[in-house]
Amino acid sequence: MSNPVLVCALRRINAIKVLADALERLPPCREKLGKSNCALQRVMALTPEMTFRQAVLFFTEKDFVAGKPCFCCLTCISLTKCICFSYLVGETWRCHVESLFTYLQTGAQVLCTVLLIKPGAWTRSLARILRKLDLEKFSVVGMKHTNLERGIALGLLSSEMMQNPAVLEAHCTYLTSGSALVLCLQRSNAVKKLLDLLGPEDPKLAQALDPFLWRAQYGINAVQNGFYGSKSYQIAVRDMKLFFPEGLCCADCQTLEEEEV
């Protein structure tokens, strides 16, 4: 107890997993921590509930910096006697002044994300897809069918696809081959939840992981994989502005107001 430790509040998307992965990659930490949750728990909190309990022990309202985005996760420098904690705060940073304790108690934010059902997939399976969305507590706050222009289709592809001209052309040709259905969806932690449901972009890999993943069920191959989903909240905001410039039929959402969607 004679050696002081530093406890820090850090905040970012998917903070618990990212911090744990980062600690395990550090050479000085790898041998001490390994893959054991018990060892990791000496360095960081592993659940949001633990985060809140430890935050109350170590901090008061006056200890937090307000008015600017902070990094939400708690960690410390010492690996001998230290406690830190992290919190998954949703898919975006809040930049307005608020109590971090209130934020921790509130939980995941209600956010929006964009799901694009690719040509062919929505005409065959729309009723089942809408039923699945309802079961997963998504609200549809925007819907339109559209024929994608080549420039828009290119904007939906990842940087890895851009590096392979043949793959790029195959995806672009397919996306512009017929009408697609674009949905704007709203629920708590919407971006991550949708990506978890869709699974890997290759339906064969999705099938190997879990046959109930949506791309495993509705995808044909890595090109005709059924769905596009916004990969981050920032991309979701871009997609919403792109496909729904006229606005959305969603309930009041502080985050959307800040982004002026």
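Presented here is a report on the structure given in the accompanying data block. (Residues numbered from 1 in each chain as written. Predicted model: local features only at pLDDT ≥ 70, side-chain atom pairs only at ≥ 80, totals over all residues. Heavy atoms only, no water.)

### Some thoughts on the overall build of the protein
Within the protein, the regular secondary structure consists of 14 helices and six strands. Nonlocal contacts in the protein, meaning residues at least 24 apart in sequence, comprise 71% of its contacts between residues at least 6 apart. (Helix = DSSP H or I, 4+ residues; strand = E, 2+ residues; numbered from the N terminus. Contact = heavy atoms within 4.5 Å.)

### Let's talk about the nonpolar core
Ranked by internal contacts, the top residues of the largest apolar core, which has 42 residues, are Leu115, Ile117 and Trp214. Among the secondary structure elements, those contributing two or more residues to this core are β3 (110–117), α6 (121–135), α9 (165–175), β5 (180–188), α10 (190–198), α12 (214–218), β6 (227–229) and α13 (233–243). Each residue touching tryptophan 214, except ones within four places of it in the same chain, is listed here: Leu115, Lys132, Leu133, Leu194, Leu197, Leu198, Gly219 and Phe227. One finds Leu19, Ala20, Leu23 and Met44 within the second-largest nonpolar core, a separate group that totals seven residues. (Core = buried A, V, L, I, M, F, W, Y, C linked by side-chain atoms within 4.5 Å. Buried < 20%, exposed > 50% of the residue type's maximum accessible area, 1.4 Å probe, protein only.)

### Observations regarding the pairing of β5
On any regular strand, side chains alternate: one points to one face of the sheet, the next to the other face. With eight of nine residues buried, β5 lies mostly within the body of the structure. Both β3 and β5 contribute to a ladder of eight bridges, which runs antiparallel. In the strand pairing of β5, threonine 113 is matched with leucine 185. In this sheet, β5 lies alongside strand β4 (residues 139–146) in antiparallel orientation, the contact comprising seven bridges. Across the sheet, histidine 145 pairs through a bridge with leucine 181, a residue of β5. (Pairing = 2+ DSSP bridges.)

### Quick look at the packing of aromatic side chains
Counted by the stated rule, this structure contains two aromatic pairs. Both rings, one in tryptophan 214 and one in phenylalanine 227, keep their centres 5.9 Å apart while their planes meet at 50°; by these two values the pair is tilted. Separated by 13 residues along the polypeptide, tryptophan 214 in helix α12 and phenylalanine 227 in strand β6 bring together distant segments of the chain. The buried category is assigned to phenylalanine 227, whose relative accessible area is 1%. With 5.9 Å between their ring centres and 80° between their planes, tyrosine 218 and phenylalanine 227 make a pair best called edge-to-face. Since its relative accessible area comes to 10%, tyrosine 218 is described here as buried. An aromatic cluster of at least three residues, connected via ring pairs, comprises Trp214, Tyr218 and Phe227. Lying across the ring of phenylalanine 138, arginine 187 places its NZ or CZ 5.5 Å from the centre. (Phe/Tyr/Trp six-rings, centres within 6.5 Å; stacked < 30°, edge-to-face > 60°. Lys NZ or Arg CZ within 6 Å of the ring centre and 35° of its normal.)

### Let's talk about the sheet that holds β6
The pairing of strands in a sheet happens through backbone hydrogen bonds and is either parallel or antiparallel. The strand order β4-β5-β3-β6 describes an open sheet built from four strands, whose pairing is antiparallel. On the outer flanks of this sheet lie β4 and β6, each paired with one strand and no other. When strand polarity is set aside, the average angle formed by the axes of neighbouring strands in this sheet is 20°. The sheet contacts of α6 involve β3, β4, β5 and β6, and relative to β5 the element is tilted by about 10°. The strands touched by α10 are β3, β5 and β6; relative to β3, the strand with the most contacts, the crossing angle is about 35°. (Axes fitted to C-alpha atoms, helices over the stretch in contact; angles between N-to-C directions.)

### A look at empty space enclosed by the protein
Inspection of every chain in the model, using the stated rule, returns two cavities of 30 Å³ or more. Approximately 100 Å³ is the volume found for the largest cavity. In this structure, the largest cavity is lined by Lys118, Leu156, Leu157, Met161, His171, Leu175, Glu201, Arg215, Asn225, Phe227, Tyr228 and Lys231. Every element with two or more residues in the lining of the largest cavity is listed here: α9 and β6. Tallied by class, the residues present in the lining of the largest cavity amount to six nonpolar, two polar and four charged. (1 Å grid on protein atoms, 1.4 Å probe; cavity = no way out; pocket = protein on both sides within 12 Å on 5 of 7 lines; lining within 4 Å. Points joined across faces, edges and corners; volume = space filled by probe spheres on them. Nonpolar A, V, L, I, M, F, W, Y, C, P; charged D, E, K, R; others polar.)

Fair warning: the whole summary comes from geometry, so function is off the table for now.
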